[in-house]
Amino acid sequence: MVNLPEPGHRVVVRYILPTGQATDALGELLSADAEVIVVDGKRGVERIPRGAVIAAKEVPPPPAPRVPRRVPPVD
């Protein structure tokens, strides 16, 4: 059984696809019950069957956007 934080926290959930490949869902944990874990990430809202979950943990907030570096003009 995988322990999850309370909804509202940022998580990564690794789970098995029907093809047998593993993939990750990264985003805000919306809900979790005995059957489904719901994560809102960049790919949208993902509903993950609890039986497909391999691992899950809370992760820190995403890093701040980088400021683009200005290239000096060439004379």
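The sections below set out a description of the structure shown in this document. All of these numbers come straight from a predicted model, not from anything done at the bench.

## Considering the sheet that holds strand E2 (residues 22–32)
Point 1. Spatially, the five strands line up as an open sheet ordered E4-E3-E2-E1-E5, and their pairing is antiparallel. Each edge of the sheet is formed by a strand with only one pairing partner; in this case those strands are strand E4 (44–49) and strand E5 (53–58). Put simply, the sheet's adjacent strands are angled 40 degrees from each other on average, direction ignored.
Point 2. Bridge count between E2 and strand E3 (residues 36–41): five bridges; the pairing is antiparallel. Bridge pairing in E3 places Gly27 opposite Gly41.

## Some words on the nonpolar core
Point 1. Val2, Val11, Val13, Tyr15, Ala25, Leu29, Ile37, Val39, Ile48, Ala52, Val53 and Ala56 together form the largest nonpolar core, which totals 12 residues.
Point 2. For this core, the elements supplying multiple residues, two or more each, are strand E1 (10–16), E2, E3 and E5.
Point 3. Ignoring anything within four residues of it in the chain, the contact list for Leu29 reads Leu4, Pro5, Glu6, Pro7, Gly8, His9, Val11, Ile37, Val38 and Val39.

Procedures and definitions
Residues numbered from 1 in each chain as written. Predicted model: local features only at pLDDT ≥ 70, side-chain atom pairs only at ≥ 80, totals over all residues. Heavy atoms only, no water. Pairing = 2+ DSSP bridges. Helix = DSSP H or I, 4+ residues; strand = E, 2+ residues; numbered from the N terminus. Axes fitted to C-alpha atoms, helices over the stretch in contact; angles between N-to-C directions. Core = buried A, V, L, I, M, F, W, Y, C linked by side-chain atoms within 4.5 Å. Buried < 20%, exposed > 50% of the residue type's maximum accessible area, 1.4 Å probe, protein only. Contact = heavy atoms within 4.5 Å.

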